[in-house]
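# Summary of the model geometry
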Amino acid sequence: MSLIHLKNAYLTFNNVNILKNSTLSLKKNERVCLIGKNGTGKSTLLKVINKQQDLDLGDVIYKKNIKISYLKQDNPINLNISLNDFIYEGFNNKTYNEKHHIKNIIQINKFIELIKLNKYSLLSDLSGGLLRKATLARTLIGEPDILLLDEPTNHLDIKTIQWLEKFLKKFSGSILFVSHDRNFIQNISTRIVDLDRGKLISWPGNYNNFIKLKNESNRIEIIQKKLFDKNLNKEEQWMKKNLKARSTRNEGRVQNLKILRQEDHDYKKIEILNSISINESKKYIGKIVFKLENIKYLINKKIIIQNFSSIVQYGDKIGLIGDNGCGKSTLIKILLGINQPKTGKIYISNQLKISYFDQNRSALNLNKSIIENISYGKEYFSLNGKEIHIISYLKNFLFKPNQLKSLVKTLSGGECNRLLLAQLFLQPSNVLILDEPTNDLDLDTLQLIEKIIINYTGTVLIVSHDETFINNTVNKCWLFKKNGHIETHLGNYKSFKKTNNNLIIKQKICHVSSKNIKTKISNTLIKELNQTLHKIEKIEEIIKNLQKLINEPNFFKKKLEEKLPILHTLSKEEKKLTHNMMYWEKLEKKIHQKNIT
């Protein structure tokens, strides 16, 4: 039996058909991801299920005594409350009961320990990511039957997302969630529901399976639409040529044409975001963009950045990775000249044209329209040497002409971020600084932004919780550690994780090898173990040298026949490394079994 059943649902919002004779069921222990383009009404659908929004027509049927908890897309506005009191409100108890009160306090303490925050902290003292953690705790505390989660990974660091994944997999109820974090969706979802032009379409399996099926479905739809248009055109030509078309004998064909015309009128084509370009300033002389020497920064005597030195070259694409509140945004503000370091030197090139994406969207005026936030009274702009009309430019970001006078405060989170990108990409730049650009963006937009960053010849610095996005765009990482220390890694986050895992493996091997002196392990196994370790070290050295070649500023400007052998060798060596690591794990199991016998 379904816990929730949405039946024959119709809903129109701001002249957009959000639901059109749509049906949805949520069963026990399902983890369903709701996917759709920005502005299609995903958040609105969650509000319908949470009884905060009425349908125009149709029904929502609930299982008796069902308990629902809802996480909103945005963090709370009222921050003058302690963490403890804020989470306690999640119980929503109408009557006071001493026994329940004590039980609730114990549960709150467990959750606060889990998210590792001070229960007496005010929400106003927390960063965006820590505030998201607190909001999640409040949502989860009441032990609901159904969780409705709207962009749960927004503002969370990678480590916390991994914690959330584990928690949700153990959750005993059902989950309906909206997310654009591909890694998170792949790891969590048991089924995908696609909200596409007012219809709810269910796709079995995980995200990777959905992408294959969806692409094939879109391909078939395009073919069918071409055949439909051909048939409609044929019938229109017949109508024009035949003066007696309205005779009784041809009445059926005339009626059929009317039906075809109506279908054509009602059809909404697949919207594809594929013509965005960035206004890039390519006249940059020299290599160094920023140079930092022993930068130290403190907040209330707490060290946020400790003696950090680095050189940022033209063409570098750097990912800033670390826990919430570790200082990623602080370092960005130092590079922008907003914050000044306590000690150390910073060189900033005087040729820089910086475009800055602020995660708080402070560049957008919520009380002004879409077009007012972009045009500033102008109709035409220069984009990479070509003149473009503001309406045509905004069309590229899927803003329709009849929508342009809408106030920004009426837009969804994803639409706001699309507008901010439109504003950002119009400015001539040779440096992009993007602080959480992936929040709320739909999957198509994310993939397009990835392509733009990859093809951008200037320098890019990115703060993002989206592991897939970081892996696809950066060639260097700044890794924020404890006590303000920052490490530099050449390569993306995936390559860092491999290197880190290899270090752990080496430590385990050393531990096992030292332990083996006093145990009954055969000489053959010890020999194999040492040989495998030697192979791993050799392969690692080869990979390190290849990564250095790839991370050179001019590598991707080389001819294809020069790049391909290096990339192919890197791929081959990474596979060899994986194979040897797996073999080492088998050896370790054998050693463990020998030890316990």
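Residues numbered from 1 in each chain as written. Predicted model: local features only at pLDDT ≥ 70, side-chain atom pairs only at ≥ 80, totals over all residues. Heavy atoms only, no water.

Looking only at helices and strands, one finds 17 helices and 20 strands in the chain. In the chain, buried positions account for 48% of the 597 residues. Sequence separation of at least 24 residues holds for 70% of the intrachain contacts in the chain that already meet a minimum separation of 6. As displayed, the chain offers around 32,500 Å² of accessible surface, 51% of which is attributable to carbon and sulfur atoms. (Helix = DSSP H or I, 4+ residues; strand = E, 2+ residues; numbered from the N terminus. Buried < 20%, exposed > 50% of the residue type's maximum accessible area, 1.4 Å probe, protein only. Contact = heavy atoms within 4.5 Å. Areas by Shrake-Rupley, 256 points an atom, 1.4 Å probe, with all protein chains shown as cover.)

This brings us to helix H7 (residues 207–241). Helical geometry note: an α-helix holds 3.6 residues per turn, so side chains three or four residues apart project in the same direction. Spanning 35 residues, H7 covers 51 Å between terminal C-alpha atoms, matching the ideal 51 Å at 1.5 Å per step. Taken together, the buried positions of H7 are occupied by Tyr 207, Phe 210, Lys 214, Asn 218, Glu 221, Lys 225, Phe 228, Leu 232, Glu 235, Glu 236, Trp 238 and Met 239. Its side-chain oxygen at 3.4 Å from the backbone nitrogen of Asn 208, Asn 206 defines the N-terminal cap of H7. (Expected span 1.5 Å × (residues − 1). Polar contact = N/O pair within 3.5 Å; in protein donor to acceptor, adjacent residues only side chain to side chain.)

When the UniProt feature table is mapped to this numbering, "binding site: ATP 1" (unreviewed entry) covers Gly 36, Lys 37, Asn 38, Gly 39, Thr 40, Gly 41, Lys 42 and Ser 43. With respect to the helices, strands and loops of the structure, Asn 38 is situated in the loop between strand E3 (31–35) and helix H1 (42–49). Setting aside chain neighbours within four positions, we find Asn 38 in contact with His 180, Ser 412, Gly 414, Glu 415, Arg 418, Asp 440, Leu 441, Asp 442 and Thr 445. With respect to the element layout, Lys 42 can be found in helix H1. Given the relative accessible area of 6%, Lys 42 is considered buried. If we skip the residues at most four places from it in the chain, Lys 42 touches Leu 34, Ile 35, Gly 36, Lys 37, Val 178, His 180 and Leu 195. (UniProt positions renumbered as here; feature names shortened; annotations may be inferred.)

On to the packing of aromatic side chains. In this structure the tally under the stated criterion is 8 aromatic pairs. Their ring planes at 40 degrees and their centres at 6.2 Å tell us that Tyr 207 and Phe 210 sit as a pair that is tilted. Within this pair, Tyr 207 and its partner Phe 210 are both found in helix H7, separated by 3 residues, close to a single helical turn. Ring plane angle 80 degrees and centroid distance 5.1 Å describe the contact between Phe 308 and Trp 478, whose orientation is recorded as edge-to-face. (Phe/Tyr/Trp six-rings, centres within 6.5 Å; stacked < 30°, edge-to-face > 60°.)

Attention now moves to the nonpolar core. Generally speaking, nonpolar side chains in soluble globular proteins are found buried as a group. Grouped together as the largest cluster of nonpolar side chains are 84 residues, with contacts concentrated most on Tyr 393, Leu 394, Leu 419 and Phe 425. Among the elements that make up this core, the one with the highest residue count is helix H12 (residues 413–426) (8 residues). Built from parts of two domains, this core gets at least three residues from each of domain 1 (2–211) and domain 3 (288–501). Residues contacting Leu 419, with those up to four places away along its chain left out, are Leu 364, Ile 370, Asn 373, Ile 374, Leu 394, Phe 399, Val 408 and Leu 411. In this structure, Tyr 284, Ile 304, Leu 331 and Ile 486 belong to the second largest nonpolar core, which totals 26 residues. (Core = buried A, V, L, I, M, F, W, Y, C linked by side-chain atoms within 4.5 Å. Domains from an automatic or database assignment.)

For the rest of this paragraph, the subject is the sheet that holds strand E18 (residues 459–463). Read across the sheet, 6 strands follow the order E14-E17-E18-E12-E19-E20 without closing on themselves; strand pairing throughout is mixed. On the outer flanks of this sheet lie strand E14 (354–357) and strand E20 (486–490), each paired with one strand and no other. Each neighbouring strand pair of the sheet contributes to a mean axis angle of 15 degrees, computed without reference to strand direction. Judged from the 4 bridges that link them, E14 and strand E17 (residues 431–435) form a sheet pairing that is parallel. (Pairing = 2+ DSSP bridges. Axes fitted to C-alpha atoms, helices over the stretch in contact; angles between N-to-C directions.)

A full pass over the atoms with the stated rule returns 11 salt bridges. Residue Lys 214 pairs with Asp 196 through a salt bridge whose shortest N-O separation is 2.9 Å. Taken as a pair, Lys 214 in helix H7 and Asp 196 in strand E8 (residues 191–196) lie far apart in primary sequence, 18 residues in all. Asp 196 carries the same exposure label as Lys 214, and that label is buried. Taking the shortest distance from any N to any O, the salt bridge between Asp 442 and Arg 418 comes out at 3.9 Å. Note that Asp 442 is positioned in the loop between E17 and helix H13 (443–455) and Arg 418 in helix H12, a separation of 24 residues in sequence. Arg 418 matches Asp 442 in its accessibility class, with the two residues each being buried. Salt bridges linked by common partners bring Asp 194, Asp 196, Arg 197 and Lys 214 together as one network. (Salt bridge = Lys/Arg side-chain N within 4 Å of Asp/Glu carboxyl O.)

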